[in-house]
Amino acid sequence: MGLWISTWDYCDFDENFPPLGFVDSGISKRYCSYAQISQFMNILLLYHHSHGTGVCMSQILLHSLTMVKAVVGEDTRLTSAEDRLSQSAVPAEVGLVIGKLSSALDRGFVYDLIPTPRNDAGEPACSVLETKDDKRKPSKSKPQSSESSSLLIDSDWVAEHARQVSRMLLGGVKVVGIYVWASESAFKNSTMILCQAIKGVSDAIRHLDPSLDEALLIHISYSPRRWNCRTCLLNSSITSSSLRPCDFKLGRVLNSLQRFKCSYSFSFRSPIYSGGSSTRQTFTEILRQELVVHEKDLKSANAMIDGDLVHNDEPCHTDGEHEVELLFPLMKDSRAEALTAKNVTGILLFGGSIFSYAYLNVKEPVSQAVADIKADITRSLQSRLDIICDEAEQDLNPTDDGDVEEAEMSKTPISKVILNSSTKACHLRLPRRVLVPWLAGTYICDYLQPFESLEVVKERCIELMSMEHSSLDASKISEVETETSLLTVETMWDVISPASSASSFGLDGNAERTSREDGSKRTDDAGNASTIPILVAIFVLLLSIVLGFVLYQRD
């Protein structure tokens with residue numbers, strides 16, 4: 001969403017006022033972002049305090065303006081969706097709009113419409129609610145009953161569908177809104193319900209897409225048959241006034257997408273303290289803090305595309321798959337200093353390699369592809385953490401053998417485990433990203449747990465993405481990543497001696513499970529590795545005593 005500023009009536013306006021380019025002493029208008037608005041307000045306040053001018057802040061008006069002025073939908077997919085809906089004879093349906101909203105082009109692109117599946121009770125997510133008014137005349141009861149029909153939408157279920165689908169989308173492809181198949185009268189009588197559904201969807205995917213500031217609402221009317229598209233500004237309170245009509249047409253958008261890939265290796269190190277308020281932080285809280293820090297570092301990275309440094313906003317004119325390499329500046333790691341603190345008793349290690357993929361419209365600048373790659377990396381890490389937390393919320397069975405402490409700890413979900421000096425060592429294997437063929441040569445992704453097979457991926461694609469079973473071939477699903485792991489260790493020696501770290505959490509297949517013999521062997525190796533320095537120290541001590549005694553006797 002963009003804003004434009006109108007300014008006027010500056011009292012005691014000084015010609016030395018710092019020029020901002022989009023401010024004039026008369027009425028002026030210019031499109032700008034929220035960051036520019038904030039910068040303008042700060043400069044204006046500083047100037048007012050330093051020069052004592054009588055600037056009236058209440059006379060600065062911020063007017064909302066939708067950035068997306070037109071929306072282009074994929075002809076083949078949307079026509080197919082319309083045919084499916086007309087043949088199904090369902091009175092109403094709601095689902096997700098998959099596409100992209102480009103601020104650089106002031107356009108939106110719709111790639112596909114994904115219907116929301118039935119809920120756990122087997123009920124549809126959208127239905128028509130007929131309301132009758134007994135006070136009206138009987139002769140007009142039938143048409144008025146039709147005119148008073150409205151939609152009943154399970155907003156929570158649609159939001160949950162959006163949350164899970166967002167995990168399966170690659171860079172440059174997002175959940176950009178919802179669509180509804182309903183009559184014209186039912187749609188008009190359900191504005192607030194639709195606004196609540198849009199609000200629920202935006203809240204559900206906000207942590208995966210923080211830059212989301214507007215969404216699409218597509219209405220497919222069957223009485224009369226036509227398509228309408230509206231944009232919705234995602235402010236704090238979404239009302240009917242937040243909906244704005246925009247141009248909508250069908251075209252070919254999937255075939256013109258450009259592809260960018262990036263193999264990104266990462267490593268997080270977060271200290272585990274023995275005292276202080278930080279000892280009450282859970283696994284999830286610590287890791288989410290690290291993801292926030294990592295996201296900031298990621299945004300500062302430069303990029304090379306096919307070996308050329310990205311330094312302009314020109315579109316990419318070459319075909320094929322493009323290789324992106326991220327370059328980080330040499331800067332001091334503030335987290336390294338924290339690891340030297342006296343109250344640090346362990347370290348949380350989080351490392352691995354991510355395969356990132358992004359799609360770009362042919363008219364968009366290459367800098368947008370870099371931004372989409374970075375956003376995809378952050379979203380992928382966040383999605384893996386969400387999957388781990390969702391999996392850990394299930395009841396976990398304690399191990400058959402071992403002490404009582406370990407059995408009790410195994411009942412605690414990993415997301416709620418408080419990492420401190422008493423935390424046992426844990427090696428966690430995170431889900432791996434796999435690529436699944438989607439539409440017109442494009443891909444979606446899913447995350448494969450260590451105990452899952454590719455058949456589970458196919459089932460999720462059928463349920464969440466409404467894909468046909470015949471279009472899914474396990475041999476065409478690409479496993480593009482190696483293992484991504486998270487390791488908590490108790491001592492600094494464990495950091496340099498990974499063999500001494502053993503898995504003690506029973507995480508129902510999530511943690512690395514070993515046989516009793518392998519565990520004993522690792523324990524023996526760790527014991528031998530820790531005994532060698534002690535033996536060397538004892539030998540040196542005895543040798544010094546003997547030499548000292550000999551020299552003393554000689555004197």
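Reading the values: the criteria
- Residues numbered from 1 in each chain as written.
- Predicted model: local features only at pLDDT ≥ 70, side-chain atom pairs only at ≥ 80, totals over all residues.
- Heavy atoms only, no water.
- Helix = DSSP H or I, 4+ residues; strand = E, 2+ residues; numbered from the N terminus.
- Buried < 20%, exposed > 50% of the residue type's maximum accessible area, 1.4 Å probe, protein only.
- Contact = heavy atoms within 4.5 Å.
- pLDDT = per-residue confidence, 0-100.
- UniProt positions renumbered as here; feature names shortened; annotations may be inferred.
- Pairing = 2+ DSSP bridges.
- Axes fitted to C-alpha atoms, helices over the stretch in contact; angles between N-to-C directions.
- Expected span 1.5 Å × (residues − 1).
- Salt bridge = Lys/Arg side-chain N within 4 Å of Asp/Glu carboxyl O.
- Core = buried A, V, L, I, M, F, W, Y, C linked by side-chain atoms within 4.5 Å.
- Phe/Tyr/Trp six-rings, centres within 6.5 Å; stacked < 30°, edge-to-face > 60°.

(A) Focus on the overall build of the protein. For the protein, the helix and strand inventory stands at 13 helices and 23 strands. Counting all 555 residues of the protein, 44% fall into the buried class. In the protein, of all internal contacts separated by at least 6 residues, the share reaching a separation of at least 24 is 73%.

(B) Region of the structure containing the confidence of the model for the protein. Summary statistics for the protein give a mean pLDDT of 75 and a share of 65% for residues scoring 70 or more. Under a pLDDT of 50 for its full length, residues 395-410 has, in the predicted model, 19 contacts with residues more than four places off or in other chains. Counting interchain partners and residues more than four positions distant, the pLDDT-below-50 stretch residues 495-523 has 55 contacts.

(C) Representation of the UniProt feature "transmembrane region" (unreviewed entry) in the protein in the model. UniProt tags residues 532-552 as "transmembrane region" (unreviewed entry). The span residues 532-552 carries 100% helix and 0% strand; its end-to-end C-alpha distance comes to 30 Å.

(D) Summary view of unusual backbone geometry. Of note, the phi angle at Asp-106 is positive, near 55°, even though the residue is not glycine. Looking at Asp-106, the relative accessible area reads 28%, which means it is partly exposed. We note that Ser-466 has phi near 55°; this positive angle belongs to a residue other than glycine. Along the chain, Ser-466 turns up in the loop between helix 11 (454-464) and strand 22 (478-479).

(E) Inspection of the sheet that holds strand 11 (residues 225-233) at higher detail. The strand order across the open sheet formed by eight strands is 12-11-10-9-5-6-4-13, and the pairing between neighbours is mixed. Sheet topology places strand 12 (243-245) and strand 13 (247-251) at the edges, where each strand pairs with a single neighbour. Across the sheet, the mean angle from the axis of one strand to that of its neighbour is 30°, orientation sign disregarded. Bridging between strand 4 (residues 70-74) and strand 13 involves five bridges; their strand directions are parallel. Bridge pairing links Val-72 to Lys-249 in strand 13. On top of the sheet, helix 4 (residues 155-167) reaches strand 5 (93-102), strand 6 (107-115) and strand 9 (174-182); it is set at about 45° to strand 5, its chief contact.

(F) Looking closely at helix 4. Here helix 4 contains 13 residues, and its C-alpha end-to-end distance of 19 Å stays within 8% of the 18 Å for a straight helix at 1.5 Å per residue. Taken residue by residue, helix 4 has Ser-155, Val-158, Ala-159, His-161, Ala-162, Arg-163, Val-165, Ser-166 and Arg-167 as its buried positions.

(G) Representation of the pattern of salt bridges within the structure. Scanning all chains against the criterion turns up 19 salt bridges. Across the pair Arg-84 and Glu-93 runs a salt bridge, and its minimum N-O distance is 3.1 Å. Owing to a relative accessible area of 13%, Glu-93 belongs among the buried residues under this scheme. A salt bridge links Glu-295 to Lys-299; the shortest N-O distance between them is 3.9 Å. Residue Glu-295 and its partner Lys-299 are both found in helix 7 (residues 283-299); the two are separated by four residues, about one turn of the helix. Here the salt bridges do not stand alone but share partners, grouping Lys-100, Glu-364 and Asp-372 into one network.

(H) Broad picture of the nonpolar core. Core analysis: the largest hydrophobic core is formed by 62 residues, its most contacted members being Ile-98, Leu-151, Val-175, Ile-198, Trp-438, Ile-444 and Met-465. Listed in part, the 31 residues of the second largest apolar core include Ala-303, Cys-316, Ile-377 and Leu-428.

(I) A look at the packing of aromatic side chains. Enumeration over the complete set of coordinates arrives at seven aromatic pairs. Both rings, one in Tyr-357 and one in Tyr-443, keep their centres 6.4 Å apart while their planes meet at 70°; by these two values the pair is edge-to-face. Within this pair, whereas Tyr-357 is found in strand 18 (residues 344-360), its partner Tyr-443 is found in strand 21 (residues 443-448), the two being separated by 86 residues in sequence. Residue classification places Tyr-443 among the partly exposed residues on the basis of a relative accessible area of 26%. Ring-pair connections join several aromatic residues into one group, and the members of that group are Phe-355, Tyr-357, Tyr-359 and Tyr-443.

(J) Highlighting the pairing of strand 21. The buried count for strand 21 comes to five of six residues, which makes it a mostly enclosed element. Sheet analysis places strand 20 (residues 432-437) next to strand 21, joined by six bridges and oriented antiparallel. Bridge pairing in strand 21 links Arg-432 to Leu-448. Between strand 20 and strand 21, which pair antiparallel in sequence order, lie five residues; one of them, Ala-440, sits at a positive phi of approximately 50°.

(K) Region of interest: the environment of Ile-272. As for its position among the elements, Ile-272 is in strand 14 (residues 258-273). Judged by its relative accessible area of 4%, Ile-272 falls in the buried class.

(L) Region of interest: the pairing of strand 11. Two strands pair when backbone bridges link them, and strand 10 (residues 214-222) and strand 11 are joined in this way by nine bridges, in the antiparallel orientation. Bridge pairing in strand 11 links Leu-217 to Arg-230. Taken together, strand 10 and the strand that follows it, strand 11, pair antiparallel across an intervening segment of two residues. Where strand 11 meets strand 12, three bridges bridge the pair, whose relative direction is antiparallel. Within strand 12, the position partnered with Thr-231 by the bridge is Arg-244.

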